[in-house]
Amino acid sequence: MHTIYLDHTATTPLDPRVLEAMQPYFGDRFGNASSAHRYGRQAKDALEEARARIAVAIGAKPAEVMFTSGGTESDNIAILGVLNAARRRRRNHLLTEAAEHHAVLDTCLHLRDEGVDVAVLGVDQHGSVAAEAVEERLRSETALVTIMHANNEVGTIQPIAEICRIARARGVPVHTDAVQSIGKIPLHVDDLGVHLLTITAHKINGPKGIGALYIRRETEWEPVFHGGGQERGRRPGTENVSLAVGFAAAVGLATEEREIMMPRVERLRDSLQRQLQDAFPGMVVNGHPDRRLPHLLSVSFDSRVMPMEGEMLIANLDLEGIAASSGSACTSGSVQPSHVLLAMGREERTAKATVRFSFGRGNSEDDVAVVKEAMQRIVARMHRAAQ
Ligand SMILES: Cc1ncc(COP(=O)(O)O)c(C=O)c1O
């Protein structure tokens, strides 16, 4: 069966060039980067070269890039590390927004249970946070602002540079989750002005299980894990050199190819959007009309047009060989509407009738036509079944 993968926001296939770069580190080059002999030195050199490549790609210094196990860990330790350091100075206030990934939201909620004062800003109908709202809510005790760079469900890009200007003027550091923006849109830590930034490898054709946290040099942050001197004492544990090498290769390719790849996937995304709008009048496109990731299309349907929930639609698309995502979360056996869409003011029913398509390197214009026809066929079948 010919399959079409349109879920690159969830994860991406490993690029063969990345696999090739990693391969020696699963074989002969197995050394521990902390060892004093030649095996160790070889591993250490590869690790530091990988760190330097990633640092260059985001405009950071190598010492400011710390490897982690992925986006979730980076988000957790960014927030916990700043709050733990700040609480000693009686800074006990944290600012975030309602459409964040759960890696950020749930960490903030955990801190709220621990007695931190957490303010969760709302978003508008496009999923955007207003920089002025951040300004209004900043306090002398604010320890951190954590707001994502680009949303994983609807693609909305937040005004991080503006938020950083406001927060910096008040002496407050900003963390941003840039998991979905690296390789898709320009990402430079000084242009943004952030103190902390999260990235991960598996969204850019790199391996799963490795990410990084950028921590600007002057940031007051303390380690969350203990037990070794690795990563300058900030994140102990034997370093995963093979994955770090793969991450650096993926970042290098994504950065080099961004200016060719992104206009290409944006054309495909726009073409699918147009064709679905023609086929399903009344379909709503989620996310900001202009400030949106180029490869992502999230659409919601009126229940008269779409006689099924997103989960059912995804299952039917899967039967046709098409992989997409509903954006809803299955919790305790029942389908919950996406917290992002609810925060944007969508009704629960509409939020549940949502599908997200996200394009990547392997997609073509032929895929767009196949998806549109499959959608029409599935919806017509469901209407017949409902009669
Ligand atoms: C915005 C965002 N943050 C964090 C994560 C978690 O990253 P990881 O899968 O590397 O833990 C994801 C993954 O879906 C994401 O989309």
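A few points on the structure. (Residues numbered from 1 in each chain as written. Predicted model: local features only at pLDDT ≥ 70, side-chain atom pairs only at ≥ 80, totals over all residues. Heavy atoms only, no water.)

## A short note on the overall build of the protein
A count of helices and strands for the protein gives twelve helices and 14 strands. In terms of overall dimensions, the protein is globule-like: its C-alpha atoms have a radius of gyration of 22 Å, near the 21 Å expected for 387 residues. Taken over the C-alpha atoms alone, the protein extends approximately 70 × 55 × 40 Å along its principal axes. Across the 387 residues that make up the protein, the buried fraction comes to 56%. A sequence separation of at least 24 residues applies to 74% of the contacts in the protein between residues at least 6 apart. (Helix = DSSP H or I, 4+ residues; strand = E, 2+ residues; numbered from the N terminus. Rg over C-alpha atoms; globule rule 2.2 N^0.38 Å. Buried < 20%, exposed > 50% of the residue type's maximum accessible area, 1.4 Å probe, protein only. Contact = heavy atoms within 4.5 Å.)

## A look at the sheet that holds strand β5 (residues 142–146)
Taking strand neighbours across the sheet as the criterion, the seven strands line up as β2-β8-β7-β6-β5-β3-β4 in an open arrangement whose pairing is mixed. Edge positions in the open sheet fall to β2 (65–68) and β4 (117–121), since each of these has one partner strand only. When strand polarity is set aside, the average angle formed by the axes of neighbouring strands in this sheet is 20 degrees. As defined by bridge partners, β5 adjoins strand β6 (residues 174–177) across two bridges and the pair is classed as parallel. Paired with V145 across the strands is V174, a residue of β6. (Pairing = 2+ DSSP bridges. Axes fitted to C-alpha atoms, helices over the stretch in contact; angles between N-to-C directions.)

## Let's talk about the site of the ligand
G71, T72, D177, T200 and K203 are the nearest of the 13 residues found near the ligand. With respect to the ligand, the side chain of T72 contributes an N or O atom lying 2.6 Å from an oxygen atom. Here an oxygen atom of the ligand sits 2.9 Å away from a polar atom, N or O, in the side chain of H202. Burial of the ligand by the surrounding chains reaches 85%, relative to a free accessible area of 390 Å². Among the elements that take part in the shell around the ligand, helix α3 (residues 71–87) stands out by supplying three residues, more than any other. By residue class, the composition of the shell around the ligand is two nonpolar, eight polar and three charged. (Near = heavy atom within 4 Å. Polar contact = N/O pair within 3.5 Å; in protein donor to acceptor, adjacent residues only side chain to side chain. Areas by Shrake-Rupley, 256 points an atom, 1.4 Å probe, with all protein chains shown as cover. Nonpolar A, V, L, I, M, F, W, Y, C, P; charged D, E, K, R; others polar.)

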